[in-house]
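# Reading the structure
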Amino acid sequence: MAAFCVAASELLHNMKQISGFYPKASCVIRRIRTTNPRCDSQIQPRAKSTPQQLVGVVGLEIHAQINSSTKLFSGSSVRFSAPPNSLVSFFDASLPGTLPVLNRRCVEAAVMTGLALNCNINRKSLFDRKHYFYADLPAGYQITQQRQPVAVDGTLTYSLLEGKKRSQVIRKNVHIKQIQLEQDSGKSLHDDVHSQTLIDLNRAGVGLMELVMEPDMSCGEEAAAAVRELQLILQALGTCQGNMSEGQLRVDANVSVHRPGEPLGVRTEVKNINSVRYLARAIDYEIQRQIGILQRGGTVQNETRAYDSKSGFMPEPNLPPLIVYEDNASLPAGIDACQAVVVQKIKEGLPELPSIKRDRLVQTYGILPEHSFTLVNEDGLVEYFEAVLMATKKEPRKVIGWVTNELLGHLKQQDLSVSQSPISPPALAELLELQETGHISSSVAKQVFQKMWRSPGKTAAQITQEHDLGLVSDTAQLHSICQKVVDSHPDEVHAIRNGNKKVLNKLMGLVQKETKGRADPVLVRKILQEKTS
Amino acid sequence: MLGLFFLGVSLALREGRISPTELCKKCLNRIKKTQHLNAYITVTEESALKQAQQSEVRLLKGPLDGIPFAVKDNFCTKNIKTTCASKMLKDYTPPYNATVVQKLLDQGAVLMGKANLDEFAMGAGCTDGAFGPVKNPWSYAAPYREQTGAMLESDWAITGGSSGGSAAAVASLTSYLALGSDTGGSTRNPGALCGVVALKPTYGLLSRHGLIPLVNSMDVPGIMARSVNDAAIVLGILQGLDVRDSTTVPAPSPLTELPQDFDVKNICVGIPKEYHAPGLSEETLAQWSRVADLFERAGAQVKQVSLPHTQYSIVCYHVLCHAEVASNMARFDGLEYGHRSQIDSSTEVMYASTRHEGFNDVVRGRILSGNYFLLKQNYQHYFVKAQKVRRLIADDFRNVFGSGVDVLLTPTTLSDAACYQDFTQEDNRTRSAQEDVFTQPANMAGLPAVSVPTALSRRGLPIGLQLIGPALHDKKLLSVAQWIEQRVGFPSISDWDYSRERSAHIH
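Residues numbered from 1 in each chain as written. Chains lettered and ligands numbered in written order. Predicted model: local features only at pLDDT ≥ 70, side-chain atom pairs only at ≥ 80, totals over all residues. Heavy atoms only, no water.

Under an unreviewed UniProt entry, the name given to chain B is Glutamyl-tRNA(Gln) amidotransferase subunit A, mitochondrial, and the source organism is Amphiprion ocellaris. You can read under Function (unreviewed entry) in the UniProt record for chain B the words "Allows the formation of correctly charged Gln-tRNA(Gln) through the transamidation of misacylated Glu-tRNA(Gln) in the mitochondria. The reaction takes place in the presence of glutamine and ATP through an activated gamma-phospho-Glu-tRNA(Gln)." Looking at the Sequence similarities (unreviewed entry) heading of the UniProt record, one finds this comment for chain B: "Belongs to the amidase family. GatA subfamily." (UniProt positions renumbered as here; feature names shortened; annotations may be inferred.)

As annotated in an unreviewed UniProt entry, chain A carries the name Glutamyl-tRNA(Gln) amidotransferase subunit B, mitochondrial and is attributed to Amphiprion ocellaris. Chain A has a UniProt comment under Sequence similarities (unreviewed entry) that states "Belongs to the GatB/GatE family. GatB subfamily." Per UniProt, the comment on chain A under Subunit (unreviewed entry) is "Subunit of the heterotrimeric GatCAB amidotransferase (AdT) complex, composed of A (QRSL1), B (GATB) and C (GATC) subunits."

## A look at the overall build of chain B
When helices and strands are counted, chain B shows 18 helices and 11 strands. Computed over its C-alpha atoms, the radius of gyration of chain B comes to 21 Å, within 12% of the 23 Å expected for a compact globule of 507 residues. Expressed along its principal axes, the backbone C-alpha trace of chain B runs to roughly 65 × 55 × 50 Å. Across the 507 residues of chain B, 64% fall into the buried class. (Helix = DSSP H or I, 4+ residues; strand = E, 2+ residues; numbered from the N terminus. Rg over C-alpha atoms; globule rule 2.2 N^0.38 Å. Buried < 20%, exposed > 50% of the residue type's maximum accessible area, 1.4 Å probe, protein only.)

## Re the overall build of chain A
When helices and strands are counted, chain A shows 19 helices and 14 strands. Scored against the burial criterion, the 533 residues of chain A give a buried share of 53%. Nonlocal contacts in chain A, meaning residues at least 24 apart in sequence, comprise 70% of its contacts between residues at least 6 apart. (Contact = heavy atoms within 4.5 Å.)

## Quick look at the pairing of strand 3 (residues 110-115) of chain B
Residues and elements named next belong to chain B. Counting buried positions over the six residues of strand 3 gives six, a clear majority of the element. As judged from the three bridges shared by strand 1 (residues 40-43) and strand 3, these two strands associate in the antiparallel manner. Bridge assignment links Y40 to a residue of strand 3, and that residue is A115. Two strands pair when backbone bridges link them, and strand 2 (residues 68-72) and strand 3 are joined in this way by five bridges, in the parallel orientation. When the bridges of strand 3 are listed, K72 appears paired with A115. (Pairing = 2+ DSSP bridges.)

## Describing the pattern of salt bridges
Residues and elements named next belong to chain A. Inspection of every chain in the model, using the stated rule, returns 35 salt bridges over all chains. Taking the shortest distance from any N to any O, the salt bridge between E492 and K506 comes out at 3.1 Å. Residue E492 is found in helix 17 (residues 490-497), and its partner K506 is found in helix 18 (residues 503-514); the two are separated by 14 residues along the sequence. Among the charged side chains, a salt-bridge network with shared partners connects D184, R203 and R250. (Salt bridge = Lys/Arg side-chain N within 4 Å of Asp/Glu carboxyl O.)

## Re the interface of chain B and chain A
In many analyses, interface size is given as the accessible surface area lost on bringing the parts together. Taken together, the 37 residues of chain B in the interface contact 31 residues of chain A. Note on chain B versus chain A: buried area summed over both sides is about 2,700 Å², and carbon and sulfur give 58% of it. Scanning the region where chain B abuts chain A turns up zero salt bridges. Where chain B packs against chain A, one counts 16 residue pairs in polar contact (both at pLDDT 80 or more). The set of elements that each furnish at least two residues to the side of chain B that touches chain A consists of helix 10 (313-328), helix 11 (347-358) and helix 13 (376-402) of chain B. Taken together, the residues of the side of chain B that touches chain A sort by class into 19 nonpolar, nine polar and nine charged. (Buried area = accessible area lost by both parts, 1.4 Å probe. Polar contact = N/O pair within 3.5 Å; in protein donor to acceptor, adjacent residues only side chain to side chain. Nonpolar A, V, L, I, M, F, W, Y, C, P; charged D, E, K, R; others polar.)

## Regarding the environment of B:P63
Residues and elements named next belong to chain B. Positionally, P63 belongs in the loop between helix 3 (45-58) and strand 2. Since its relative accessible area comes to 27%, P63 is described here as partly exposed. Expressed as a C-alpha distance, the spacing of P63 and G108, which sit 45 residues apart in the sequence, is 8.9 Å.

## Section: the packing of helix 10 (residues 369-377) of chain A against helix 12 (residues 396-413) of chain A
Residue and element names in this part refer to chain A. At a minimum axis separation of 10 Å, helix 10 and helix 12 run at an interaxial angle of 50 degrees. Classified by the interaxial angle, the pair formed by helix 10 and helix 12 is oblique. Note that helix 10 runs across helix 12; the crossing there is left-handed. Between helix 10 and helix 12, the residues in contact are H371, T374 and L375 and I400, V403, T404 and L408, respectively. (Axes fitted to C-alpha atoms, helices over the stretch in contact; angles between N-to-C directions. Parallel < 35°, antiparallel > 145°, perpendicular 65-115°, else oblique. Left-handed = near helix turned anticlockwise from the far one by under 90°.)

## Looking at the UniProt feature "signal peptide" (unreviewed entry) in chain B
UniProt records the feature "signal peptide" (unreviewed entry) for residues 1-16 of chain B in the present numbering. The span residues 1-16 of chain B shows a helical share of 56% and a strand share of 0%, and its end C-alpha atoms are spaced 13 Å apart.

## A few points about the sheet that holds strand 13 (residues 313-315) of chain A
Residues and elements named next belong to chain A. Strand order in the open sheet formed by three strands is 5-4-13, with antiparallel pairing between adjacent strands. Since the sheet does not close on itself, it has two edges, and those belong to strand 5 (141-144) and strand 13, each with one partner. Going from strand to strand, the sheet's axes swing by 30 degrees on average, the running direction of each strand aside. Here four bridges tie strand 4 (residues 128-131) to strand 5, and the two strands are oriented antiparallel to one another. By the bridge assignment, H131 is partnered in strand 5 with Y141.

## Side note on empty space enclosed by the protein
All names here are of chain A. Under the defined criterion, the tally for this structure stands at eight cavities of 30 Å³ or more. By volume, the largest cavity amounts to about 160 Å³. Considering the residues around the largest cavity, the lining is formed by 17 residues, among which F91, D92, A139, Y141 and Q183 are closest to the centre. Considering every element that reaches the lining of the largest cavity, the biggest residue donor is strand 5, with three residues. (1 Å grid on protein atoms, 1.4 Å probe; cavity = no way out; pocket = protein on both sides within 12 Å on 5 of 7 lines; lining within 4 Å. Points joined across faces, edges and corners; volume = space filled by probe spheres on them.)

## Some words on the side chain of B:Q239
In this fold, B:Q239 is placed in the loop between helix 8 (228-238) and strand 7 (268-272). The residues touching B:Q239, leaving out its near neighbours within four places in the chain, are B:K103, B:L205, B:L206, B:A251, B:S253, B:P254 and B:L255.

## Digging into the sheet that holds strand 11 (residues 249-258) of chain A
All names here are of chain A. If you walk across this open sheet you meet the seven strands as 2-6-7-10-1-11-12, and the pairing is antiparallel. Bordering the open sheet on either side are strand 2 (120-121) and strand 12 (268-273), each of which pairs with just one other strand. The pairing of strand 2 with strand 6 (residues 151-162) spans two bridges and is antiparallel. Looking at strand 6, one finds that I121 is bridged to A151.

## Some details on the packing of aromatic side chains
For the structure on display, the rule yields 21 aromatic pairs over all chains. On the basis of an interplanar angle of 45 degrees and a centroid distance of 5.6 Å, the ring pair of A:F133 and B:Y351 is categorised as tilted. Residue A:F133 is found in the loop between strand 4 and strand 5, and its partner B:Y351 is found in helix 11; the two belong to separate chains. Look at B:Y92 and B:Y337: their rings are 5.6 Å apart centre to centre, the planes differ by 50 degrees, and that puts the pair in the tilted class. You can see B:Y92 sitting in the loop between strand 2 and helix 4 (99-106) and its partner B:Y337 sitting in the loop between helix 10 and helix 11, a full 245 residues away along the chain. For the pair shown, B:Y92 and B:Y337 are each scored as buried. Connected via pairs of aromatic rings, a cluster forms that spans B:Y92, B:F120, B:F332, B:Y337 and B:F359. (Phe/Tyr/Trp six-rings, centres within 6.5 Å; stacked < 30°, edge-to-face > 60°.)

Printed below as a string of structure tokens:
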């Protein structure tokens, strides 16, 4: 959740301005930011160029459940939290004599993911059996792609937001070694009371993409940012739903430490992390643990499981090589184009990827890069933002703050998704329109927003009218209020007359206080200038 | 009637000379009379009679309608026990039919029962199954009894294996055809020793879905029949793509009956010199020469060819076979199905005792060596090397067929069937290495091969010869096989057996 962390920390500096409204929100931010200091503590010494300093090296192995209605090699349905063993075909239960039949949708998902991550798509890839005895692996082996995976040699570009205001966008790359198709295992439930193990095979045979990321990252925040970017890409592609808590995206990290320029240290694995936020923390904890051990003169122990080191691989004899074709022209005669996996066709169907979308948002709307991150990070927020723009003449640069501060702040505070927002894009647009046309002031607009949030269905105009929040532009009334303020603040008036024009703002604030923020600021300024000249 | 080819009996059925139910009863009756052969693990009397009745009602649609058949007990049969002759699956009842079984049932063929085999098809004698060995029907017929002077019940000969039950079922006239499986010769070997036609089709031409695997990359459902033409018709029905088996290929042509007047004049018959193997019996060699001469006299070109890597085939086969066995057998852990040990103090202990109790020594031995070959440190040295040798063996065949040879003519086995007492002097591994020597290279290369009985030996036991053809040339292969069949005059067991049946014999 580092990009979440990115989004959130960005939220933080925006929220400082409005923290009065959202006391809880700053709590959330503090919790999210806990990963950063550790990462910084590592990087800073490096910056001071002390080459003896130990630094972390992080590689990732990511299992992404393919978003497909059926399993990788059988026709069983794929569904989360179905009754145990209700989605199990004869093949999934490894009944003797059953054979795997490859699901084309899963191949297309892997190819599409590979293309989105700039991989080379292998025209021919192979399936292998990886053997180990485990109760939730009914065949005694997993079908995977060890020798020749479907996609290799790609790059994931992710961004870190750095600097005091987290407004500096640092782009980083991580090399994707390969993407392989493989089967998921079932689930074991250990019943300690009756000392028995219950097996649920619903998940057995669900298609996975295993993505191997090279150890190009140096701390939890980087790994978390990379995973978050991957999550966004997979969700944009629709190849994986990417929900970590439901196990759709599972991340194992290989962590080691070394001195830059020296060979990599002994690595350990950080496994079973169910959120991006904890991933960052767990990795940083492990880096600190290893550094601690080495600094005390100890050695890091490799804790790889025994079956991994010896387990045998064998080519899967029941599946011919998987062939994908470059384009329709390269299809051999007799092959049905609808049945074949054609790279060109998948390429053409690639949706807008998050990085492209961010660039487009910055260019089209003139918003800041960090705002584009916030928009893209939140499912549905870009669409929300663009829907608001459709319905208002207000400049995008003025709308963005409303979406990323007011709206997102309120959503986060109540743990809501964008689609659950009580204020719809047209409703927000109407509010902004009231402000834009001078019917209400900007501070009143914020009050109206809050009232709209609490009473969904009411329009901005209704609320403005009900609470008499409309802009006061009655010149006589404003003259009298201004006169009262000028009369009771002779020192300020004196200062202004002596040339300190800034003090005028203080008087303006006092007038707004009198009018509960409803006074037309342009008019007030004009009147005050007259009265203090 | 029982001694007929199935095409003959099919005609009799359609002409009303016998009804499917009568035929079924006759076969069931004969199964009872030949129970001592131990050819069947399960006899499906009740369902067979029901199917026969349905056949009658249907008024016999196709050539297979109402025809009794047997299935090796490593093909899954819905609601009928499928044991693989192993304690592990002693009480296992599959919920589905193997594709090849289903196709025969769809044609109206009547399933008589599940035929005996070596445990998980690992063997060359049909002597290593959990339900006991199968006895060669010919060792109860007059020629053997008279010529060997065999008096004792214990003097019987083996059927060969591993599809010994299927071969015995066809040879003893209890079924008109049978499904076997062929991984290293398991259909052709017992076919030759029991005097029946035994076809191992091109790899991928028949679906393996529902065949409990031995070596997935070599397993092929085999067809056993009383005549080459019968085998051809069954092949025509069984062949072709199956969506449930990704290794199947489309049939090159629809195959019906074979041409009765096939001309061998333009055929080139290769005689591989490496098949003059040590241990080849004089009589089998004589049959080999006899048939080669038949070809030559008929105007075919007969020439010696070389398959130089043949000698490495058996050892290479063993490495690949054991590795796949180790992998395929991993699923038998007692959890989802099959035998589960009472000893279950932990999951691991339960696995170990389940597998120890469920598998015989042969299976356990192959799993052990297979896992050894698959160990990370051994993989390159054994498995990968064996795969390379396999490629060389396949290339040998490709080169020969590329040089204009149409079929290869070889012996199927070294000699006629051994007496059980003699055969069991050596262990399963030694016997498998000896017995598969001529048959197994065709599996390595995925080629079609057929064993045709040619004569009885001096001991009164069948001798068969093998033809091997290029991939997907199964029909041509069978045409050549039929040409041999038409000329060698192999006798029917019913010539000596129950006199009541003799009148129906076609020869």
